[in-house]
Structure formats: structure tokens, C-alpha cells
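Each chain, letter by letter, is given below.
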Amino acid sequence: MLMLEAFEDLRTEGLKRARALADYYAANQRPYRDYLHGAGTFPPSINFLGTAETGATNWLIGFASMGQLAAAKAFKSDLYGHSAEKMMNYLRSLQIFDPYVMTHYGAIREITAHTPWCYVRDALSGAWGFLEYYRATGNAEYLERAKLWSQWYFKHGCDERFLPKWGVSFGPPVSGGTPEMLDHMLGDFSGGSLNFFYQMYRTTGDAGYVDDRFTAFAEFYLNNCRRPEGFFKTVRKADGSVPEDDPQQGLHKSNDDFSSLGLLCAYRVTGDRRYLDAVGGFLDWVFSVQQADGSFETSAAGIPVVLNIMLESEGLLGPWPESRLEAARRALLFLMGRQSSGDIIPAQRGGIDEYGDCRTGARASGYALIVLLKLFADEKRFLTAE
């Protein structure tokens, strides 16, 4: 049985949950006023006191906009479409076109228009947001923005072996300084970059996005970041060894930051079965550590990631056995159980409490919105390897 058929009885509830997520973003989005700093952005999290952090990062905006675009179509609502547009207008302000910073022309700042640095994988997700906004709306400006960011990446965002840098500084630090950029390491999160460049190729027809640079990176990631158990780890670029202390502190486990999706794209490009086997290995591993309540770990952000790669690889690795579908259902129900009712903190209504600590967050919420609409509204445009 296919996943969509197996979950059909959850459709009504799934759509209700998705709409609540879209409303969560719309309700907490900073009003779009020309006198408000950060107009169009939203808080990365809201705590148990109802206090919101200010300033979503570039990557949170990219994924949230995809979710709102999906919701706009699924629910035939201009509210969500306008919400995505406002997010994109803020994200535009982070892209560098300053004649005094020409070296980094096209780069995307991390949080605000004066943040003097970016994490490269985060900025790529911002460019991914530009690409998907173009594909959803036909507004050519956003494809051009994605192209300009890609040009910057190949000049300054990766090293001579075409392995992505950890981060890049654009100028002198401001208050708080610049985070340490571990460019001698390849982050476990970096495999998701392959999806962006594959989609750039699919959109433009330009094979330069999936040329030898793409395959060199994919090969290194597969041979080094992928562990025999099936999950992915950060490694040293020099020798592929795993550092004793994980610089991400275990952040990317079941949430592989779409690295398995990136490897599926590498399979689409090369036809090399090893990439597809790596996707299957990741899924085998993640379900081997599933807990009785349906979760994979404390963070719920990995659940929509896992459900998404199951959907995307189903025709190549599936159909899934009944046991796998039942396990996926338990994971989905756990994710739904982490959605805030807003009865105590109204500002949290609809958001996902990622860690179970009474704090709703944009990472799990954005991923969940995209995948719920993929499951229950046939919204297949986003986070795809097609």
C-alpha cells in the first residue's frame, strides 16, 4: 500500500493541522508596515511565557515561505500567499548588492541587513526559497536572485574541491562578534545542498549546476559523512575522520537537514545505485531507533523530514511494507501531538513544540506544514527530488 492510501483516514485531521500551522505563521508575522524594522519576518520561536525571539534566519524564512505557498494553493487563500510574499520581501533585503561589498555580490546575510556573515548551508536555503517562489509565482526576479547566489557560492561559498564552506564573513564583526566558521570540516547538514542545485538544473536546464562540482561533492559526502549505520556525521575535510565532539551537538540525526533528499537527487543525476542505497540505509536506521511513542528522538523536527524522504523515494525503494507504514503513522501522530492548541499561550496556537519544552519553533513548524500538505493536499511542489 502507498503512503497516501495508508494515511487517507487522517486526511481531515491532517488538513486541519496544516491550516493551523499556516495560521500560526500568519498570526505571528511582523506587520508589513514601511516604518517597522523586520516587516514580514516572524519569530524563530515563542516560549512558554508567550515571549517571541525576534528575527528569523534566512533559512527559516525560505522554508516557511514554501509552506505558506503550499497552504495558499491547498486552501485557496490569499492570506497565506500574501504571507509568503511578505517573507520574500524581507529575505530580499538580506541579499548583498552593495557596491562596497562587491566580492560578495549576491550572497545572503544570515539574519538582518547588517549581519556581516552567513552560514553557507543556511544561505543556500534562503536561495532555495527564492527558487521556489519563482517556480510558484513566475516572478523572474527570484530566479535571478537564486542564480546570483549560486554564482557567489561557486566563487566564495565552497573550497577548491567544491566542498561547501561552513560559513563566510562579509566584513568586520559587530556587537557579539562573528561565529567560528569550521571550514576544515564538512557539516553533516550539507548534503541537502545537492537538492538545491538539482532543482536549479531542473528549472533552468543548465547542466552546470550538476556538473563535476556537484558529483565531486556528492561523492565525498557519501564516502565520508555517511556512517555504516546509515546516519550522517560531520567530518574533517582533510581525511574524512569524525571529530570527537560533534560541533552541532547532535542536532542532525533523524532531522538530516534533507541530506537523504540530496542523495536521492544525486541518484537522479548519476544513476549510481549507491546514492539510492544510502537513502534506504538512512530510513532503515531511523526506524530502528524509533521509540514506543512514535518519536525518533526528543526533537520532532526529524519526523516530517523522514516522512518526506519516504514519499520521495517510495517509487524507487517501495512500496513500503505494512510495518514501515505503521511506524510512519505513529511518527506522524506523535508530530501532531506536539502541535500547540494555544489554550494557554495564544501566540503558540498551531505551532509545533519541537522539543516538548513548551516552546514552539519555526524549524519543526515549517517542515511539518510542507509535509502535511504533501500528504493530505497533494501539494508535491516542495522538498522534492523530481
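A brief structural summary. (Residues numbered from 1 in each chain as written. Predicted model: local features only at pLDDT ≥ 70, side-chain atom pairs only at ≥ 80, totals over all residues. Heavy atoms only, no water.)

1. Description of the packing of aromatic side chains
In the structure shown here, the tally under the stated rule is 28 aromatic pairs. Plain terms: the ring middles of tryptophan 149 and tyrosine 153 are 5.5 Å apart, the flat faces sit at 25° to each other, and that makes the pair stacked. Residue tryptophan 149 and its partner tyrosine 153 are both found in helix α6 (residues 140–157); the two are separated by 4 residues, about one turn of the helix. Taken individually, tryptophan 149 and tyrosine 153 each receive the classification buried, so the pair is uniform in this respect. Centre to centre, the rings of tyrosine 153 and phenylalanine 154 are 5.1 Å apart; their planes meet at 75°, and the pair counts as edge-to-face. (Phe/Tyr/Trp six-rings, centres within 6.5 Å; stacked < 30°, edge-to-face > 60°. Helix = DSSP H or I, 4+ residues; strand = E, 2+ residues; numbered from the N terminus. Buried < 20%, exposed > 50% of the residue type's maximum accessible area, 1.4 Å probe, protein only.)

2. Details of empty space enclosed by the protein
In the structure shown here, the tally under the stated rule is 2 cavities of 30 Å³ or more. Volume-wise, the largest cavity comes out at about 70 Å³. Listed by contribution, the elements that provide at least two residues to the lining of the largest cavity are α6 and α8 (212–225). By residue number, the principal contributor to the lining of the largest cavity is α8, which donates 3 residues. Residue composition of the lining of the largest cavity, grouped by class: 7 nonpolar, 1 polar and 2 charged. Of the volumes computed, that of the second largest cavity is approximately 50 Å³. Lining the second largest cavity, in full, are Arg121, Pro164, Lys165, Trp166, Met185, Leu186, Gly187, Phe189 and Ser190. (1 Å grid on protein atoms, 1.4 Å probe; cavity = no way out; pocket = protein on both sides within 12 Å on 5 of 7 lines; lining within 4 Å. Points joined across faces, edges and corners; volume = space filled by probe spheres on them. Nonpolar A, V, L, I, M, F, W, Y, C, P; charged D, E, K, R; others polar.)

3. Quick word on the environment of phenylalanine 217
Relative to the helices and strands, phenylalanine 217 is located in helix α8. When the C-alpha atoms of phenylalanine 217 and arginine 161 are compared, they prove to be 7.6 Å apart, with 56 residues separating the residues in sequence. Residues within four places of phenylalanine 217 in sequence aside, it is in contact with Phe162, Leu163, Pro164, Leu186, Ser190, Gly191, Ser193 and Leu194. (Contact = heavy atoms within 4.5 Å.)

4. Focus on a nonpolar patch on the surface
On the surface, a nonpolar cluster with roughly 270 Å² of combined accessible area is contributed by Phe97, Met102 and Tyr105. Along the chain, tyrosine 105 turns up in the loop between α4 (78–92) and β2 (117–119). (Patch = residues over 30% accessible without salt bridge, like charges linked within 9 Å, V, L, I, M, F, W, Y side chains within 5 Å. Areas by Shrake-Rupley, 256 points an atom, 1.4 Å probe, with all protein chains shown as cover. Salt bridge = Lys/Arg side-chain N within 4 Å of Asp/Glu carboxyl O.)

5. Some remarks on the layout of surface pockets
A volume near 780 Å³ is recorded for the largest pocket. Forming the walls of the largest pocket are 32 residues, and the residues nearest its centre are Thr57, Trp59, Asp122, Leu251 and Arg363. If you list the elements that add at least two residues to the lining of the largest pocket, you get α3 (58–74), β2, α5 (120–137), β7 (360–361) and α13 (362–376). Here the lining of the largest pocket gets 3 residues from one element, more than from any other, and that element is α13. Class assignment for the residues of the lining of the largest pocket results in 14 nonpolar, 9 polar and 9 charged.

6. Observations concerning the packing of helix α2 (residues 11–28) against α4
Two numbers describe a pair of packed helices, the interaxial angle and the distance between the axes. It is at 10 Å that the axes of α2 and α4 come closest, and there the two elements cross at 45°. Our classification of the angle between α2 and α4 gives oblique. The interaxial crossing formed by α2 with α4 has left-handed handedness. Every residue of α4 that contacts α2 at Arg19, Ala22, Asp23, Tyr25 and Ala26 is listed here: Leu79, Tyr80, Ser83 and Met87. Broken down by class, the residue content of the contact of α2 with α4 amounts to 6 nonpolar, 1 polar and 2 charged. (Axes fitted to C-alpha atoms, helices over the stretch in contact; angles between N-to-C directions. Parallel < 35°, antiparallel > 145°, perpendicular 65-115°, else oblique. Left-handed = near helix turned anticlockwise from the far one by under 90°.)

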